[in-house]
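Here are the chains, one letter per residue:
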Amino acid sequence: MKIAIPVNDDQLTICPSFGRAPYFWVFDTQSGDKSVSENPAANSEGGAGIRAAQAVLDLGAEALITPRLGENAANVLKAAG
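Predicted model, so just to flag it, every value in this text is computed and none were measured.

So, about the pairing of strand β1 (residues 2-7). Taking burial as the measure, the six residues of β1 include five buried ones, the bulk of the element. Of the pairings in the sheet, the one linking β1 to strand β2 (residues 23-28) comprises six bridges and is antiparallel in character. Considered in β2, the bridge of Pro6 is made with Phe24. Looking at chain direction, β1 and strand β4 (residues 63-64) are connected through two bridges and run parallel. Note that in β4 the partner of Ala4 across the bridge is Leu64.

Thresholds, definitions, all that
- Residues numbered from 1 in each chain as written.
- Predicted model: local features only at pLDDT ≥ 70, side-chain atom pairs only at ≥ 80, totals over all residues.
- Heavy atoms only, no water.
- Buried < 20%, exposed > 50% of the residue type's maximum accessible area, 1.4 Å probe, protein only.
- Helix = DSSP H or I, 4+ residues; strand = E, 2+ residues; numbered from the N terminus.
- Pairing = 2+ DSSP bridges.

This is the structure we're talking about:
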């Protein structure tokens, strides 16, 4: 299972804002692989949560750990299962 976490930097400091997080840290529990990917929505003028949710899905994440999640982003993730 791939788990995504919004982070501020490559030191893996958890970002309190999901949609505006600069990066997503992704951990694969089966293989042990870890990666850090830029969040393409971090500097969006609007709809950052929706775009960030899609980015997490595009990374193949099956779970998300985040301090906060807006309703629109949550709806995107729920719709994807």
